[in-house]
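Each chain, letter by letter, is given below.
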Amino acid sequence: MPHTTQALIVIDLQNDFCPGGALAVAGGDEIVPRVNALLGAFPIRVLTQDWHPATHASFAENHPGAAPFSSTEMPYGPQVLWPAHCVQGTPGAAFHPGLHTDRADLTLRKGFRPAIDSYSAFFENDRTTATGLAGYLRERGATHLTFAGLATDFCVAWSALDAVRLGFGATVLMGACRAIDLNGSLAQARTELRAAGVTLES
Ligand code: VGL
Ligand code: ZN
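Keep in mind that this is a model prediction, so the values were computed, not measured.

1. Focus: the pattern of salt bridges
This structure, assessed with the given rule, holds eight salt bridges. In this structure, the salt-bridge partner of D12 is K110, at a minimum N-O distance of 2.9 Å. Taken together, the positions of D12 in the loop between β1 (6-11) and α1 (32-39) and K110 in strand β5 (residues 106-110) put the pair 98 residues apart, joining distant regions of the chain. By relative accessible area, K110 is classed as buried at 0%. Put simply, R165 and D162 hold a salt bridge, and the shortest N to O gap is 2.6 Å.

Listed below in structure tokens is the structure:
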């Protein structure tokens, strides 16, 4: 039997994605106790942190006349325009105060390039700029990745899909995630995750 080394990847469990935040995900804060328990149970533990400059191209306010949650064309393809969120150094970009961040081995920041969004923890939305996480996990010997966090249908789904493309096994703990669900994005994400061979568990 080949040996499997498990890593937990907690996606963007930050104030702006929790109730009261700038891009609040319904029930986003409810997953904190479960994620804390998971952080105590995995040998490799990574947190990701959405980390945008105020000038970020994914913010509707940086596109005169554009409404939040509308879509635009970037040089790399379609991009949803979000309310400004997770601006570097602001309270909204901080992790939820109940999250046991001290248990993490690595915090990986993403989305810091002004012109490119980064939903996935592995590649930015141009699908070619790497974050470095794959190299970190390979050097630590990780072979199977378990995902939790926010939001199911954006950063969690894109990360899990990239994990499989990169040759890792991938599981999404749906009950340890919450979704934005923009125009059917949650149902679409479930379909794509299953088709790619990602295991969906509760
Ligand atoms: C996310 C939209 C914009 C996420 C991040 O963490 O799912 N969604 N930035
Ligand atoms: Zn973002």
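2. With respect to the coordination of the zinc ion (ligand 2)
Around the zinc ion (ligand 2), the protein contributes the donor atoms D50 (OD), H52 (NE2) and H85 (NE2), which lie 2.0 to 2.2 Å from the metal centre. In this structure, the zinc ion (ligand 2) is coordinated by four donor atoms arranged in irregular fashion, with angles at the metal of 89 to 168°. All donors to the zinc ion (ligand 2) come from one chain, and their sequence spacing reads D-x1-H-x32-H. On the accessibility criterion, D50 (3% relative accessible area) is buried.

3. Digging into the side chain of D153
Among the secondary structure elements, D153 is positioned in helix α3 (residues 152-165). Only 2.9 Å separates the side chain of D153 from the backbone nitrogen of I180, close enough to count as a polar contact. In contact with D153, not counting residues within four places along its chain, are W158, A179, I180, D181, L182, S185, L186 and A189.

Rules of the game
- Residues numbered from 1 in each chain as written.
- Chains lettered and ligands numbered in written order.
- Predicted model: local features only at pLDDT ≥ 70, side-chain atom pairs only at ≥ 80, totals over all residues.
- Heavy atoms only, no water.
- Salt bridge = Lys/Arg side-chain N within 4 Å of Asp/Glu carboxyl O.
- Helix = DSSP H or I, 4+ residues; strand = E, 2+ residues; numbered from the N terminus.
- Buried < 20%, exposed > 50% of the residue type's maximum accessible area, 1.4 Å probe, protein only.
- Donors = N, O, S within 2.8 Å, 3.2 Å for Na, K, Ca; no water.
- Tetrahedral: all angles 85-135°; square planar, octahedral: opposite > 155°, others 65-115°.
- Polar contact = N/O pair within 3.5 Å; in protein donor to acceptor, adjacent residues only side chain to side chain.
- Contact = heavy atoms within 4.5 Å.

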